[in-house]
There are 2 protein chains.
Amino acid sequence: MTTIKQLLLIYIFFFFPSSLASIISGEDGYRLWLKYDRLNQQSITFTNYVPFAQSWYVGGHSATSKAISDELEYAFNGLFGKSHRVVQQNAKLVIVYGADATTLYPQHARQLSRLNDEGYLIKIVGQGQKQKVLVLANTDIGALYGSYALLRKIQTGTNKAALNLESQPQTDIRVLNHWDNPNRHVERGYSGQSIWNWHKLPTYIDQRYIDYARANASIGINGTVLNNVNANAIMLRPDYLKKVKALADTFRPYGVKVYLSVKFSSPQLLGGLDTSDPVKTKVQQWWKDKVAEIYQEIPDFGGFLVKANSEGQPGPGDYGRTHAEGANMLADALKPYGGIVMWRAFVYANEKNEERSKQAYSEFKPLDGQFRDNVLVQVKNGPIDFQPREPYSPLFGATPNTPMMMEFQITMEYLGFSTHFVYLGPMYEEVLKTDTYAKGQGSTVGKVVSGGVFPYKYTGMAGVSNIGMDRNWTGHIILQSNWFVFGRMAWQPDVSAEEVAQDWVKMTLSNNQKVVDSVTKLMMSSHETTVNYMTPLGLHHIMGTGHHYGPAPWVDNLGRADWTPVYYHRATKDGIGFNRSPSGVNSVAQYLSPYRELLSNPDTTPEKFLLWFHHLPWDYKIKSSGRSLWDELAHRYYLGVEQVANIGEQWNALEGLIAESQFRQVQMSNLIHLQEAKWWRDACMLYFQSLSGKPIPDDLAKPQHDLKYYQSLTFPYAPGQGH
Amino acid sequence: MTTIKQLLLIYIFFFFPSSLASIISGEDGYRLWLKYDRLNQQSITFTNYVPFAQSWYVGGHSATSKAISDELEYAFNGLFGKSHRVVQQNAKLVIVYGADATTLYPQHARQLSRLNDEGYLIKIVGQGQKQKVLVLANTDIGALYGSYALLRKIQTGTNKAALNLESQPQTDIRVLNHWDNPNRHVERGYSGQSIWNWHKLPTYIDQRYIDYARANASIGINGTVLNNVNANAIMLRPDYLKKVKALADTFRPYGVKVYLSVKFSSPQLLGGLDTSDPVKTKVQQWWKDKVAEIYQEIPDFGGFLVKANSEGQPGPGDYGRTHAEGANMLADALKPYGGIVMWRAFVYANEKNEERSKQAYSEFKPLDGQFRDNVLVQVKNGPIDFQPREPYSPLFGATPNTPMMMEFQITMEYLGFSTHFVYLGPMYEEVLKTDTYAKGQGSTVGKVVSGGVFPYKYTGMAGVSNIGMDRNWTGHIILQSNWFVFGRMAWQPDVSAEEVAQDWVKMTLSNNQKVVDSVTKLMMSSHETTVNYMTPLGLHHIMGTGHHYGPAPWVDNLGRADWTPVYYHRATKDGIGFNRSPSGVNSVAQYLSPYRELLSNPDTTPEKFLLWFHHLPWDYKIKSSGRSLWDELAHRYYLGVEQVANIGEQWNALEGLIAESQFRQVQMSNLIHLQEAKWWRDACMLYFQSLSGKPIPDDLAKPQHDLKYYQSLTFPYAPGQGH
């Protein structure tokens, strides 16, 4: 039955109007980068690798070993139209781990012993008929990672000769953070509801849960924090822990551990205690009991993520205790089971009325050394809040004794939601490659995070997820690449964003060289493009209030001054920008020399950060272009829109080379992208012009509407708002 | 490219572990009943119909004519693996409408002229090589319906001989009501978010919108109310009307008109007026202008649905005006464009403190004749609120001069959300076939609704949608059948629920006789089963507060008495049931003789309504069984659970005969169904026992927990709650 049923799919797709055919097309984006579409039999890749698909062996009997076999069977039948599992002796592809690996291949035992539990070796040995590919690892999870790496090499058409690989992750904890609420609303989520259907769990296991684990394993992500950092205590209720257990059991074979965000006041909300003071024994005991209950259900539970004393969340500060005292209480409860605490440094709501960009550093730097050894402090990449571009947070490199864990945004809170074509690889790369000088030159943020500067016991990287119920997972096929690159960079912080982009395009869209070259090029410039039409030259936080959708640099009337755009751009008739230099709030003092001095002077400050650190007159001369600051601002806003128009044109030129349903989805999003880029440009230009009084250069098109129009727009139901 | 890409789908599906294969399977429920899977070449159906697939012709040049061709091409390639469109002269299947039909086939012109605009004829003429199938209609939409009817006949393996068909809808307005909010939350929705992505509209047209229109057209649904009856005024804002227009343009070729729910206070909320009093000229003018604006965008806009002066919604009552005065103001604005008003009779919050089940009748019966001729009053099937079973609303048959439009629930608010296996066909059928005696015997509810009792100018049926973003549309594949049967019964109120169930099973699951017989049987008894374990013998409204999830007959402390379960079951140590007979609140007086008298006496009241109309002692003797009321109650609760267990067993016996991903989805839901049926039984038995003091009969298993346990359960995030 099934074959007949499936047979006709090809007829349908071949003969039919895409509007109907794509209904049942596998190309709607659901399969992500694990498509394994049939290779051309004439291709070198096919010829090179088909022998291994015809005789492969996977050792071991664990659930993970089964997962590896399932994936190979699926992938090889997809790529080659054939797959044969054979006994180890006859296998041309041998995947073994642990004792099997060292006994069968003692010659590689030494190299293997140098790898950690998640690392792997891929070897190509022998010649001609005798040629074999070996995937060796110390654990089944290592073998799983090695298998996905091998599949990626095939999917991307890697030459067999280049197949000798040794790899292991450079960070320990590589997690997604889901800002998902129990009602399935995703805070700052733009691709539909939470994929966690709490109501139907633990009994109903959606196929998505399995495919989610496969996708994460394929890029080395080894953990997931299931719920929002603005946490709901209900997640720790016994019935919800059963639901969490069901997900943990589903993810386990793929090496993905579950973590939970916890509300610091849970002992009161859930336990009925009269306090959550971390130094009180009964509070400590409540957490010890709760943690024991969790590990009863989930023996390999990962640990807790905590947002405390920030944006109204409860925390140790409510009792006059430090973040360290709060984190340590949880760490002590988790320690016996090997669990960890990820304590967020995203705080700015504390009493001392300090400039917002400086507060996290001021709060956490003095606590260095006071945290238990199973605590990591999780810091956003920049000192403010996931802006299109920020300088790195000065906490990186500032704490020799406290591991700083990177928190990157994968979701698009300040980057156009799910309709803007933005690849974040270059943004991650820019941050990770910046030098902190913490131990002299070369102490990059990436090295700090991966423990290469200070010998942290644990290291990690977190990515705030962009995943939702949309069929294509992320609301926009191109945005799948941000999930992909986050995983790759968490595994290897110094991997090249361009190399990763190429892999992603080949695996997700097509191996066609024109597609690979063209899309990779668009992706690599897309982040700079977005900065241009949103917040050029170091501008930041000038977007719509609350939902952060669209431009609103004019807003000046929110609960806190440091929530308003005017607080950040400081534009007046005299000039624009925030003086954070020594003559201003001096946040540059939080950076180390020589970077500090560089940032202190507008002439040596990188232009991309100019208005972040300096307030400058409208006629300040921009070194790179010789333009006045006003003209340069105009130039960048207009350039950004041109670049977005170019994305649309370049994409349209690929029609026919990409599956139609993928092509159309991105094409429709590109139209919205262009409309919104113009909106950003025109609204910002008109507003800043109302202060600068300068003309929009003659060679530039005039805005479509007047400022009042843009100021009148409201979006009460823009997606992703907190609730 | 595409073919190669698609080719491998079959390999994958054929060789692979379903957990992976089903990722890209077409069998995940998305295709609904329009699967068109390849027929067995040996089958009579294939032989009978393949000639027509090889030479077909569709007349006309409208977008609808194009839609017909697309569907045939898609369906024939699916069913037969071939499809050839030819010129009319050579065609063996000819689909023509209007002048083409009457000119080409004058011999059928007379029969055609008796059909309305949406009707169609299917004729099989000639013999052997000369045999042709004709689909004739007066309009392109009629031809579209005829084409889907023909495809259904093929999908369900109908003998060619039985192919002479004449059909036209017996109601004019066949609409889905989406209780979808602008934030994409679906009130009483259990299959994920709203499919309307307002944020990305009007530019981004999701493939789902097209497939939604196809599915509706295939069952004769000709309209959709896009937004919640608890309406948000923003839907009438110019930018939102552009979004509505984009959907209208997408649906138009499929004959699906868009309607909007409107908030009565829109003139104040949106227009800035100081009143929304329907007799004020400025208010009337505001609506006239708004309606003109709508028709500017959407020339075939359907009209408005209104929930007024009910559950806190604003309405004409706020100004001391009647529902008629409110409805007529909107009707006058819509009249010039052919638009209509659907005014809901679901009101019970008015001043006069009357028993809830009586209020709609008391309010609307006196208004009969006062409504404009483009107003329909939309009334729920029962006098309370979508309970698992209710007697029909006495408004049906009570208003000779005001069309009563049926409102059925398709969604599962009081029926177990999306995890209970419940086919609603028999429930719809029970209501539609009940005799109102409005014009003597045979004046069934169905006849009243379709204008066969009183000559209504407009007739209609509305179904509150169960559609959401879940891949299978309704959260449970079986629940797709409720969308299907609603459409079929709106078209033909006297169609048999069993016949429709069979069609649905064949089209959605399999033509395998064992599957058809077994699943149809389960579906036909599933509604009675649900009534048994939830609310047997006429019990009603005893479910959890607010979310209506699970049992809570003990709740007695809500804002209004008539929101509490205890108000409805009236159980005491002496007995149970609501005395609505002449000796009680006498709601039976709202029914016509002889039904009224029948319901006035417990001995003649149908047992299914016993406790709806009568308060009876626990030892009251049940005629059909001879059991005491208490024992009968116990018997039915326990029987219901046994029946649910049987659904699971029967379903499991079909493994291998149904696509695995379909099979598993239902299998997992069945497990939840059984758990929750036991929960209903045990919680209700324990609670009623606490009042009756009677023992649970010895032959019945004892509840798993005590009453306190069931009373302690809370579900703050149960889906579908209003917000």
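Quantities reported herein were computed from a predicted structural model and do not represent experimental measurements.

(A) How the structure looks around the overall build of chain A. A count of helical and extended segments in chain A gives 24 helices and 15 strands. For 723 residues, the compact-globule formula gives about 27 Å, and the C-alpha radius of gyration of chain A, at 26 Å, lands near that figure. A total of 723 residues make up chain A; the buried ones form 66% of that total. Taking the intrachain contacts of chain A between residues at least 6 apart in sequence as the baseline, contacts between residues at least 24 apart amount to 72%.

(B) Broad picture of the UniProt feature "domain: Glycosyl hydrolase family 67 C-terminal" (unreviewed entry) in chain A. UniProt tags residues 474–699 of chain A as "domain: Glycosyl hydrolase family 67 C-terminal" (unreviewed entry). As annotated, residues 474–699 of chain A has a helix share of 52% and a strand share of 2%, and its two end C-alpha atoms lie 38 Å apart.

(C) Looking closely at unusual backbone geometry. With omega at 0°, the peptide bond leading from Leu201 of chain B into Pro202 of chain B counts as cis. Tracing the backbone through its elements, the reader meets Pro202 of chain B in the loop between strand E6 (173–177) and helix H8 (207–218). Omega for the bond connecting Ser593 of chain B with Pro594 of chain B falls within 30 degrees of zero, at 0°, which places this linkage in the cis form. When you line up the elements, Pro594 of chain B lands in the loop between strand E14 (575–576) and helix H20 (595–600). Not every positive phi belongs to a glycine, and Phe417 of chain A is a case in point at roughly 55°. Locating Phe417 of chain A in the fold gives a position in the loop between strand E12 (404–409) and helix H14 (425–432).

(D) Quick look at helix H17 (residues 497–508) of chain A. Under the 1.5 Å per step criterion, the end-to-end length of H17 of chain A is 16 Å for 12 residues, consistent within 8% with the ideal 16 Å. Structurally, H17 of chain A contributes buried residues whose contacts are with helix H7 (140–155), H14, helix H16 (480–491), helix H18 (513–534) and helix H23 (660–692) of chain A.

(E) Fine view of the pairing of strand E9 (residues 303–306) of chain B. All names here are of chain B. Here strand E8 (residues 257–261) runs beside E9; their pairing, made up of three bridges, is parallel. Bridge assignment links Leu260 to a residue of E9, and that residue is Phe304. Inspection of the sheet shows E9 paired to strand E10 (residues 340–344) by four bridges, in the parallel sense. The partner of Phe304 across the bridge, within E10, is Val341.

(F) Representation of the sheet that holds strand E5 (residues 165–167) of chain A in the model. Residue and element names in this part refer to chain A. Pairing is mixed across the open sheet formed by five strands, whose spatial order is E1-E2-E4-E3-E5. Edge positions in the sheet fall to strand E1 (56–58) and E5, since each has one partner strand and no second. Here the average twist between neighbouring strands, direction ignored, is 10°.

(G) Up close: the packing of helix H9 (residues 238–251) of chain B against helix H11 (residues 281–297) of chain B. All names here are of chain B. Relative orientation of the contacting elements H9 and H11 amounts to 40°, with a least axis distance of 9 Å. Relative to H11, H9 is oriented oblique. Of the two elements, H9 crosses H11, and the hand of that crossing is right-handed. Residues Pro238, Leu241, Lys242 and Lys245 of H9 pack against Lys290, Glu293, Ile294 and Glu297 of H11. Counted by class, the contact of H9 with H11 contains three nonpolar, no polar and five charged residues.

(H) Examining the packing of aromatic side chains more closely. Counting across every chain of the model gives 90 aromatic pairs over all chains. Between Tyr392 of chain A and Tyr595 of chain A, the ring centres sit 5.8 Å apart and the planes meet at 25°, which makes this aromatic pair stacked. Taken together, the positions of Tyr392 of chain A in the loop between strand E11 (375–380) and E12 and Tyr595 of chain A in helix H20 (residues 595–600) put the pair 203 residues apart, joining distant regions of the chain. For the pair shown, Tyr392 of chain A and Tyr595 of chain A are each scored as buried. Geometrically, the ring pair formed by Trp198 of chain B and Tyr240 of chain B is tilted, given 6.2 Å between the ring centres and 45° between the ring planes. Here Trp198 of chain B, found in the loop between E6 and H8, pairs with Tyr240 of chain B, found in helix H9; they are 42 residues apart in sequence, far enough to count as distant. Of the residues examined, Tyr240 of chain B reaches a relative accessible area of 8% and is grouped as buried.

(I) Highlighting the sheet that holds E6 of chain B. Residues and elements named next belong to chain B. Ordered by their spatial adjacency, eight strands build a closed barrel running E6-E7-E8-E9-E10-E11-E12-E13, and the pairing between neighbours is parallel. Along the sheet, successive strands turn relative to each other by an average axial angle of 25°, direction set aside. Pairing between E6 and strand E13 (residues 460–464): five bridges, direction parallel. Bridge pairing in E13 links Ile173 to Gly460.

(J) Region of interest: the packing of helix H22 (residues 629–652) of chain B against helix H23 (residues 660–692) of chain B. Residues and elements named next belong to chain B. Two elements in contact, H22 and H23, have axes separated by 9 Å at closest approach and are oriented at 170°. Taken as axis vectors, H22 and H23 run roughly antiparallel relative to one another. Broken down by class, the residue content of the contact of H22 with H23 amounts to 18 nonpolar, eight polar and three charged.

(K) Examining the environment of Ser62 of chain A more closely. Residues and elements named next belong to chain A. Within the element layout of this structure, Ser62 appears in the loop between E1 and helix H4 (63–80). Separated by 191 residues in sequence, Ser62 and Pro253 place their C-alpha atoms 8.0 Å apart. Among the polar contacts listed, one links the side chain of Ser62 to the side chain of Tyr97, at a separation of 3.5 Å. A polar contact of 2.8 Å, which involves the side chain of Ser62, links it to the side chain of Asp140.

(L) Looking closely at the pairing of strand E8 (residues 257–261) of chain A. All names here are of chain A. Counting buried residues along E8, four of its five residues qualify, which places the element largely inside the surrounding structure. With three bridges connecting them, strand E7 (residues 223–225) and E8 associate as parallel partners. By the bridge assignment for E8, Gly223 is matched with Lys257. Note that the unit made of E7, helix H9 (residues 238–251) and E8 has a crossover that is right-handed.

(M) Highlighting the environment of Pro455 of chain B. Residues and elements named next belong to chain B. Relative to the helices and strands, Pro455 is located in the loop between helix H15 (445–449) and E13. Judged by its relative accessible area of 75%, Pro455 is exposed. Here the alpha-carbon distance between Pro455 and Thr402, two residues 53 residues apart in the chain, equals 9.6 Å.

(N) Highlighting the side chain of Gln662 of chain B. As for its placement among the helices and strands, Gln662 of chain B is situated in helix H23. Other than its neighbours up to four places away in sequence, Gln662 of chain B contacts Glu27, Lys35, Ile477, Thr508, Leu509 and Trp651 of chain B.

(O) Highlighting the pattern of salt bridges. On inspection of all chains with the given rule, the structure shows 78 salt bridges over all chains. In this structure, Glu293 of chain B and Lys290 of chain B form a salt bridge, with 2.9 Å as the shortest nitrogen-oxygen distance. In this pair, Glu293 of chain B and Lys290 of chain B both sit in helix H11, three residues apart, roughly one turn of the helix. Taking relative accessible area as the criterion, Glu293 of chain B reaches 29% and is therefore assigned partly exposed. Note that Glu355 of chain B and Arg580 of chain B form a salt bridge whose closest N and O atoms lie 3.1 Å from each other. Taken as a pair, Glu355 of chain B in the loop between E10 and helix H13 (356–364) and Arg580 of chain B in the loop between E14 and H20 lie far apart in primary sequence, 225 residues in all. Across the pair, exposure class does not vary: Glu355 of chain B and Arg580 of chain B are buried alike. In this structure, a network of salt bridges that share partners links the residues Asp28 and Arg471 of chain A together with Asp28 and Arg471 of chain B.

(P) Here's a closer look at the side chain of Ser669 of chain A. The residue Ser669 of chain A is located in helix H23 in this model. Those residues in contact with Ser669 of chain A that lie beyond four places of it in its chain are Thr419 and His476 of chain A together with Tyr204 of chain B.

The rules behind each value
- Residues numbered from 1 in each chain as written.
- Chains lettered and ligands numbered in written order.
- Predicted model: local features only at pLDDT ≥ 70, side-chain atom pairs only at ≥ 80, totals over all residues.
- Heavy atoms only, no water.
- Helix = DSSP H or I, 4+ residues; strand = E, 2+ residues; numbered from the N terminus.
- Rg over C-alpha atoms; globule rule 2.2 N^0.38 Å.
- Buried < 20%, exposed > 50% of the residue type's maximum accessible area, 1.4 Å probe, protein only.
- Contact = heavy atoms within 4.5 Å.
- UniProt positions renumbered as here; feature names shortened; annotations may be inferred.
- Expected span 1.5 Å × (residues − 1).
- Pairing = 2+ DSSP bridges.
- Axes fitted to C-alpha atoms, helices over the stretch in contact; angles between N-to-C directions.
- Parallel < 35°, antiparallel > 145°, perpendicular 65-115°, else oblique.
- Left-handed = near helix turned anticlockwise from the far one by under 90°.
- Nonpolar A, V, L, I, M, F, W, Y, C, P; charged D, E, K, R; others polar.
- Phe/Tyr/Trp six-rings, centres within 6.5 Å; stacked < 30°, edge-to-face > 60°.
- Polar contact = N/O pair within 3.5 Å; in protein donor to acceptor, adjacent residues only side chain to side chain.
- Right-handed = clockwise from strand over helix to strand, strands pointing away.
- Salt bridge = Lys/Arg side-chain N within 4 Å of Asp/Glu carboxyl O.

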